[in-house]
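# Residue-level structural notes
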Amino acid sequence: MLSPDRKRLIKRLLNSETDSLSDVIRVAISKKDAVTYDVEVLEYGSMYTPEGKSFEGFVTKLDGETFFYVRPVGKASEYYLYHYRFEDNLLKTYDVGLKVGGLDAVTSTEAFRAEVSASLKHVDCLSGEIRWTKVKP
């Protein structure tokens, strides 16, 4: 059974500050199993760089913060990490910058978590706030 916080991620979302240069404009998030989400990019702008539109998502907590880890289906070595929080009915996501050792420091899951934890101490670790609003299918 999903926690109430995890259930809140399951929906169709619209980037409320989109323009033609946006990365992701509309996305659908659904439950795949007890720990995995299916993430489908429904619409994107010119800044979108991934090759595909289908992803697997996972939620994790670290240092009291919540993160959404997303990777293309079938590509475990490629990933995107976002910090997220809810404010009322609004979902806010942030890019997570690796500020201490960078990608070179990521040699394992434990090293990745340690790098994110250390980076969170830097004021500019979280950037690029996106405000997502729920939309009907």
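Structure's up top.
Residues numbered from 1 in each chain as written. Predicted model: local features only at pLDDT ≥ 70, side-chain atom pairs only at ≥ 80, totals over all residues. Heavy atoms only, no water.

The subject of this paragraph is the overall build of the protein. Helix and strand counts for the protein come out as two helices and eight strands. Ordered by position from the N terminus, the helices and strands of the protein form the series α-β-β-β-β-β-β-β-α-β. Taken over the C-alpha trace, the protein has a radius of gyration of 15 Å; the compact-globule value for 137 residues is 14 Å, and the two agree within 12%. Here the protein, with 137 residues, has 36% of them falling under the buried criterion. By sequence separation, contacts in the protein at least 24 residues apart represent 42% of the contacts at least 6 residues apart. (Helix = DSSP H or I, 4+ residues; strand = E, 2+ residues; numbered from the N terminus. Rg over C-alpha atoms; globule rule 2.2 N^0.38 Å. Buried < 20%, exposed > 50% of the residue type's maximum accessible area, 1.4 Å probe, protein only. Contact = heavy atoms within 4.5 Å.)

Right, let's talk about the side chain of Asn15 for a bit. Turning to its location among the elements, Asn15 is positioned in strand E1 (residues 11-15). A polar atom in the side chain of Asn15 sits 3.2 Å from the backbone oxygen of Val24. (Polar contact = N/O pair within 3.5 Å; in protein donor to acceptor, adjacent residues only side chain to side chain.)

What follows deals with the environment of Gly52. Structurally, Gly52 can be placed in the loop between strand E3 (37-44) and strand E4 (54-62). A sequence separation of 75 residues divides Gly52 from Ser127, and the C-alpha atoms of the two residues are 24 Å apart.

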